[in-house]
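# Inside the fold
The lines below spell out each chain.
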Amino acid sequence: MTGTGATATLAPLRHSALLDAVAQAASIKQNNRVYELKAAGADVITLSLGEALFDIPMPTLDELGPDAHRYSHSLGVHLLRDKLAKYHEQTSGSPVDPDTEIMVTAGSKSALYMTLLALVEPGDEVIVPEPMWVSYHDQVRLCRGVPVAVPWDGTVEDIAARITRRTRAVIVNNPHNPTGRRMPAAELLRLHELAEAHGLALIADEVYSEFVPDDAPYPRTGTFDPGKEHTIVCNSMSKNFGISGWRIGYVIADERLMRQLMKLQQHMITCAPTILCQYLAENFETVLARTRPQIRRMVALRNRMAAEFAARGVSCLPGDCTFYLFPSLGSSRLTSSEFADELLRRYRVSTVAGLAYGQSCDRFIRVSVGAEPEDRLLRGIHAVCDLIEETSGLETGR
């Protein structure tokens, strides 16, 4: 204490024990390592970023007017809600009332988290199929819920077998990060049957919905529940439109749940960034027309890289969407964390350890093709294949 002449012993600041059980987001932690290496002058082939780098013109904000600098309605700028509602109906066939059934959020992560906060009581269970997006488990824990994993090779019936009286929701990631898989209609229909039979919510994470090939069947979760009786859809303009740093997502739900989500938004962030939402509302069609051809090229690139892995004898879990691949480490003796560390140390190639996507996924890594030109992607993929070969058949203790 100042002025007493004595050295005081200060008690350590107390923090929530809840956070001790929550890890850093593994993909973001890995990318922070990459940023630090690059800042020190290292050349790193970055296959760990969860974004696609598109050619997006810098926005001109001058014409938006003074209201762009002010709060908007806590559900979001109305013109953007209106356009997103029409966009969702066109792409999924499910109608959305822009006044009562959609809320614009600061990224899809906050949409997912607020949805869980609105649904989960302490001790409630949320079923999360693996491979899972890295934040699902910890977002459930932050809501004081219990995540229940289904191994990567599980089926819809394995989900059914894990339903208990405490089960509150199932998270449906479609298209899937990190495999790029589209869920067939039969599986979705079975999930809806389970939701109706057990009073469950289906939380549909569709943030890669634009990355489905034009000729590929893609049933949407909400298509089978147009009244939104048990389906909540979370999506992302920033991810789907190649503007990940803008952090613009949205959530679609029935009016009753939306009133609860709106309260959470009011207390957490008030509203999504008005200036960005207004710009996107007024340039919605232009941005979509600019990004869609680039998305098609990105998906084609992703599938060419899958063929490169296959040519080297490395298998990936099935999928044809997103900009991710989930290759198996095959006969490598390294864990996925050891493999990712060694790949970065020896080859300066950054990937994400499969363990981040669930305990059953320690024999995989996630590779993103969205942030590097094709020649560097090829170098990175062949480095992965080389390291698998070099670490196969290692003697114990080597």
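Now for a description of the structure that goes with this document. Note that the structure is predicted; figures quoted are calculated from it, not measured.

## Structural notes on the packing of helix α2 (residues 78–92) against helix α9 (residues 274–282)
- The contact between α2 and α9 brings their axes to 8 Å, and the two run at 50 degrees. As summarised for this structure, α2 and α9 are arranged oblique, according to the angle between their axes. The handedness of the crossing between α2 and α9 comes out as left-handed. Contacts from Leu-79, Leu-80 and Lys-83 in α2 reach Cys-277, Leu-280, Ala-281 and Glu-282 in α9.
- Of the residues assigned to the contact of α2 with α9, the class counts are five nonpolar, no polar and two charged.

## Notes on the pattern of salt bridges
- Following the criterion strictly, the structure yields 25 salt bridges and no others.
- Here Arg-70 and Asp-67 are joined by a salt bridge, their closest N and O atoms 3.9 Å apart.
- For Arg-70, a relative accessible area of 49% puts it in the partly exposed group.
- The shortest N-O distance in the salt bridge between Glu-374 and Arg-304 comes to 2.9 Å. Of this pair, Glu-374 sits in helix α12 (residues 374–390) while Arg-304 sits in helix α10 (residues 284–311); the two residues are 70 residues apart in sequence, bridging distant segments of the chain.
- Each of the salt bridges in this network shares a partner with another, and the network as a whole consists of Glu-210, Asp-214, Arg-292 and Arg-296.

Each value, and the rule that gives it
Residues numbered from 1 in each chain as written. Predicted model: local features only at pLDDT ≥ 70, side-chain atom pairs only at ≥ 80, totals over all residues. Heavy atoms only, no water. Axes fitted to C-alpha atoms, helices over the stretch in contact; angles between N-to-C directions. Helix = DSSP H or I, 4+ residues; strand = E, 2+ residues; numbered from the N terminus. Parallel < 35°, antiparallel > 145°, perpendicular 65-115°, else oblique. Left-handed = near helix turned anticlockwise from the far one by under 90°. Contact = heavy atoms within 4.5 Å. Nonpolar A, V, L, I, M, F, W, Y, C, P; charged D, E, K, R; others polar. Salt bridge = Lys/Arg side-chain N within 4 Å of Asp/Glu carboxyl O. Buried < 20%, exposed > 50% of the residue type's maximum accessible area, 1.4 Å probe, protein only.

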